[in-house]
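Spelled out, the chains give:
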There are 2 protein chains.
Amino acid sequence: MQIQEAIIAFNEFLDSYKKDQLGGRLLKPVDYILSLGGKRLRPALVIWINQLYGGSLKDALKGALAIEMFHNFSLVHDDIMDEAPLRRGKETIHSKWGNNTAILSGDAMLVLVYKILSQLDESKLKPSLELFNFSALNVCEGQQLDMDFEDLESIKMDDYLMMIGLKTGDLLGASFALGALLAGASQNDIDHLYSFGKKTGIAFQLQDDILDLYGDQKKVGKQKGGDIIANKKTALWIRAFEKADEDQKRAFEKMASEKNSSQKVEMASVLFDQLGVRSEAEEIKSKYQKEAFEHLDAINLTDSSKDMIRKFAEDLLGREF
Amino acid sequence: MQIQEAIIAFNEFLDSYKKDQLGGRLLKPVDYILSLGGKRLRPALVIWINQLYGGSLKDALKGALAIEMFHNFSLVHDDIMDEAPLRRGKETIHSKWGNNTAILSGDAMLVLVYKILSQLDESKLKPSLELFNFSALNVCEGQQLDMDFEDLESIKMDDYLMMIGLKTGDLLGASFALGALLAGASQNDIDHLYSFGKKTGIAFQLQDDILDLYGDQKKVGKQKGGDIIANKKTALWIRAFEKADEDQKRAFEKMASEKNSSQKVEMASVLFDQLGVRSEAEEIKSKYQKEAFEHLDAINLTDSSKDMIRKFAEDLLGREF
């Protein structure tokens, strides 16, 4: 199976689930957010990995749906916290129905995650729940850390890497691991795939940080320096602030309070280039990518399957957009 | 076992859980809300019923903790929605730490519910999850209905009864049913105990509505007519509005816009007495109480155990405070 086939299988399953399960007033926003689309990367990974291990599609689809439902739950609640008006170019749930309905429909989604998991084959239920709960609590912890960091003047790079690991890495790790678990893979493979996914997620976020300023704008399709304009403390920002001398710290302050967006981005470019933080961020990214591949090497799949997974990760981490 | 012993057993278990499991920044508010106390009625019921069926205390304590954790999760999120500054006389989580932390720590509590459930004996895991998910989605649905009702000019009594059944009844039903399920009771007993608990919960809420205006203030310990002052559409209000003629509808409008609290409560008293709604609300309450006891009669426990449960419900529903 190719990952593209997994995406198609997932979208079909999701459509039938939405038709059968999401009636009623409370679940209308759930149907809405699930219909906004997205790349369906996580659920496709559950299915794809499961199939590479020769698992049963029936359980894999349920696991995939649980992961995608959880991911969307976290988007709904994060969007409230971030006061984000748009998600995938459409109104967020809280903009459309108000904060209370957004809180409540998020809660219902989290219960639905477990309702879906409880329908797994009984021999897989307990380990799937344990894997999932571990990852879900880490995602909550990561979001809390991210909010805490907003109030800090500076952040240590290690703390930042821990935060993105929790917020972004764990659910990707869980997607790979759950696919393997549901196919009856060994604990060794499950653990290594979790670490592979988590480290790939961290490398992906670091790449996102770098592309904000150094990406090909035509391919990125986002405003250049969007993170800078929003005063987000990305890996570039954090490393630059760590290295800055007194003069450069003053330049940082000036940049932070600059109102003109393009001027602000220009100031950041000058500062970050002076301090050479791009290559340092690339190095950290490469380190995580390398470690991720070591975990991949350690699993017990055919070389051709491992090559496909490696190729997938390379495409994901090599993008210029 | 008496229910008082169940409360003591639960509080000991909760203390050790809090000490072992609730470290870290994210879980501080969870520890805080669980430490505010409360009657611990629901968890005590899980344990008590379980022991009356001769179950193992180990699983009962976990089930009890899951129910109490869910109850507190729902309080944390409801308090955000209701903008309530106080809970049990202390600051609510969102007043103390802000809405975002309150949303997120509520989310973490919901994950913790399932983490606790996943530690149940494996033979009980799937049915416990199914029971719990059913009840949890109903609680969310009830809260959504309650919010929807705020925007309506009038509500039908049947819709109100459905809403309080979902919002208050289902979790009480789940408490009784989970205790029995974890002791290996028959599906017949589990179902009847769920209905017994749910209907007892509805009767309890109706009593609460009546006592707001007609309770002995010394025993109630709350402001007389608090629901009237807050323009809450209780069973009394709904029945009165249904029965009101044109003149009385005008009196309703006057009451709704009256700013002076004691005058407002006095106006409601006059109107409700004229329309005789107290006795009607009492009748509906008695109907649910009677139906609840029929479910209790249908279960397969010794007469002395059933008498204890009946006595418990009578005490709960006969209170003048």
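Because the structure is a prediction, the values reported are computed rather than measured.

Visitor: When you look at the overall build of chain A in this model, what are you seeing that I'm missing?
Guide: A tally of regular secondary structure across chain A gives 16 helices and 2 strands. Dimensions along the principal axes, computed over C-alpha positions, put chain A at roughly 65 × 50 × 35 Å. Relative to its 321 residues, chain A shows a buried fraction of 49%. Sequence separation of 24 or more characterises 73% of the internal contacts of chain A that already satisfy a separation of 6 or more.

Visitor: What exactly am I supposed to notice about the interface of chain B and chain A here?
Guide: Frequently, the measure chosen for interface size is the accessible area removed from exposure when the parts meet. Contact residues are listed per partner, giving 29 residues for chain B and 30 residues for chain A. Counting residues per element, the side of chain B that touches chain A draws most heavily on helix α7 (residues 122-150) of chain B, which supplies 14 residues. For the side of chain B that touches chain A, the class distribution of residues is 15 nonpolar, 6 polar and 8 charged.

Visitor: For this particular structure, what's the right way to read helix α13 (residues 246-257) of chain B?
Guide: An α-helical segment advances 3.6 residues per turn. Residues three or four places apart therefore align on the same side. Here α13(B) contains 12 residues, and its C-alpha end-to-end distance of 17 Å stays within 8% of the 16 Å for a straight helix at 1.5 Å per residue. Of all 12 residues in α13(B), 1 are buried; the element is thus mostly exposed.

Visitor: Honestly, the nonpolar core in this entry has me stumped. Any pointers?
Guide: A general feature of soluble globular proteins is that nonpolar side chains tend to end up buried together. In this structure, V113(A) and V113(B) are the most contacted members of the largest nonpolar core, which totals 192 residues. Those residues in contact with V113(A), other than ones at most four positions away along the chain, are A66(A), M69(A), F70(A) and F73(A).

Visitor: How should the domain arrangement of chain A be read in this particular structure?
Guide: All names here are of chain A. Annotation of chain A at the domain level lists domain 1 (1-185) and domain 2 (192-321). Spacing between the C-alpha centres of domain 1 and domain 2 amounts to 23 Å. Listed per partner, the contact involves 21 residues of domain 1 and 20 residues of domain 2. When contributions to the side of domain 1 that touches domain 2 are tallied by element, the ones reaching two or more residues are α3 (41-52) and α8 (157-182). Take the side of domain 1 that touches domain 2: its biggest share by element is 15 residues, from α8. Within the side of domain 1 that touches domain 2, the residues separate by chemical class into 14 nonpolar, 6 polar and 1 charged.

Visitor: What's the story with the relation of the copies chain B and chain A in this structure? I'm lost.
Guide: The operation linking the two copies of the chain is a rotation about an axis combined with a translation along the axis. Overlaying chain B on chain A yields an RMSD of 0.0 Å, the required transformation being a rotation through 180° with an accompanying axial translation of 0.0 Å. Taken together, the rotation and translation relating the two chain copies correspond to the operation of a two-fold axis. In this assembly the copies share their binding face: 100% of the residues contributing to the interface of chain B also contribute to that of chain A.

Visitor: Is there a simple way to think about the packing of α3(A) against α8(A) in this case?
Guide: Two numbers describe a pair of packed helices, the interaxial angle and the distance between the axes. Residues and elements named next belong to chain A. Interhelical geometry of α3 versus α8 gives an angle of 30° and a closest axis separation of 7 Å. By the criterion of interaxial angle, the relationship of α3 to α8 is roughly parallel. For the crossing formed where α3 meets α8, the hand is right-handed. Counting all contacts with α3, which are made through R42, L45, V46, I47, W48, I49 and N50, the residues of α8 involved are L171, L172, S175, F176, L178, G179, A180 and L182. A class-by-class count of the residues in the contact of α3 with α8 yields 11 nonpolar, 3 polar and 1 charged.

Visitor: What am I meant to see in the packing of helix α7 (residues 122-150) of chain A against α7(B) here?
Guide: At a minimum axis separation of 10 Å, α7(A) and α7(B) run at an interaxial angle of 80°. What the angle tells us is that α7(A) and α7(B) run roughly perpendicular. Judged by residue contacts, E122(A), L125(A) and K126(A) of α7(A) engage E122(B), L125(B) and K126(B) from α7(B). Among the residues forming the contact of α7(A) with α7(B), the class breakdown is 2 nonpolar, no polar and 4 charged.

Visitor: Help me understand the environment of L36(B) in this model?
Guide: Residues and elements named next belong to chain B. Secondary-structure assignment places L36 in the loop between α2 (24-34) and α3 (41-52). L36 gets classed as partly exposed once you count the C-beta atoms within 10 Å, which come to 15. Residues L36 and G197 lie 161 residues apart in sequence; the distance between their C-alpha atoms is 25 Å. With residues up to four places along the chain from it excluded, the contact list for L36 reads R87, R88 and K90.

Visitor: Looking at this structure, how should I read unusual backbone geometry?
Guide: It is generally the case that most residues other than glycine have a negative phi and that most peptide bonds are trans. With a phi close to 55°, R40(A) is a non-glycine residue in the positive phi region. When you line up the elements, R40(A) lands in the loop between α2 (24-34) and α3. Even without glycine at this site, E83(B) takes up a positive phi of about 50°. According to the C-beta neighbour criterion, E83(B) is exposed, with 11 such atoms within 10 Å.

Visitor: I keep staring at helix α15 (residues 277-297) of chain B and nothing clicks. Help me out?
Guide: Residues and elements named next belong to chain B. Over its 21 residues, α15 runs 30 Å from end to end, which matches the ideal 30 Å to within 8%, given 1.5 Å per residue. All buried positions along α15 are accounted for by V277, A281, K285, Y288, Q289, A292, H295 and L296. Projection of α15 onto a plane perpendicular to its axis shows the buried side chains occupying an angular sector of 110°, all on one side. Turned more than 90 degrees off the buried face of α15, the exposed positions are S279, E283, K290, E294 and D297.

What counts, and at which threshold
- Residues numbered from 1 in each chain as written.
- Chains lettered and ligands numbered in written order.
- Predicted model: local features only at pLDDT ≥ 70, side-chain atom pairs only at ≥ 80, totals over all residues.
- Helix = DSSP H or I, 4+ residues; strand = E, 2+ residues; numbered from the N terminus.
- Buried ≥ 20, exposed ≤ 12 C-beta atoms within 10 Å, placed from the backbone.
- Contact = placed C-beta atoms within 7 Å.
- Nonpolar A, V, L, I, M, F, W, Y, C, P; charged D, E, K, R; others polar.
- Expected span 1.5 Å × (residues − 1).
- Core = buried A, V, L, I, M, F, W, Y, C linked by C-beta atoms within 7 Å.
- Domains from an automatic or database assignment.
- Least-squares fit on C-alpha atoms with pLDDT ≥ 70 in both.
- Axes fitted to C-alpha atoms, helices over the stretch in contact; angles between N-to-C directions.
- Parallel < 35°, antiparallel > 145°, perpendicular 65-115°, else oblique.
- Left-handed = near helix turned anticlockwise from the far one by under 90°.
- Arc of directions from axis to C-beta.

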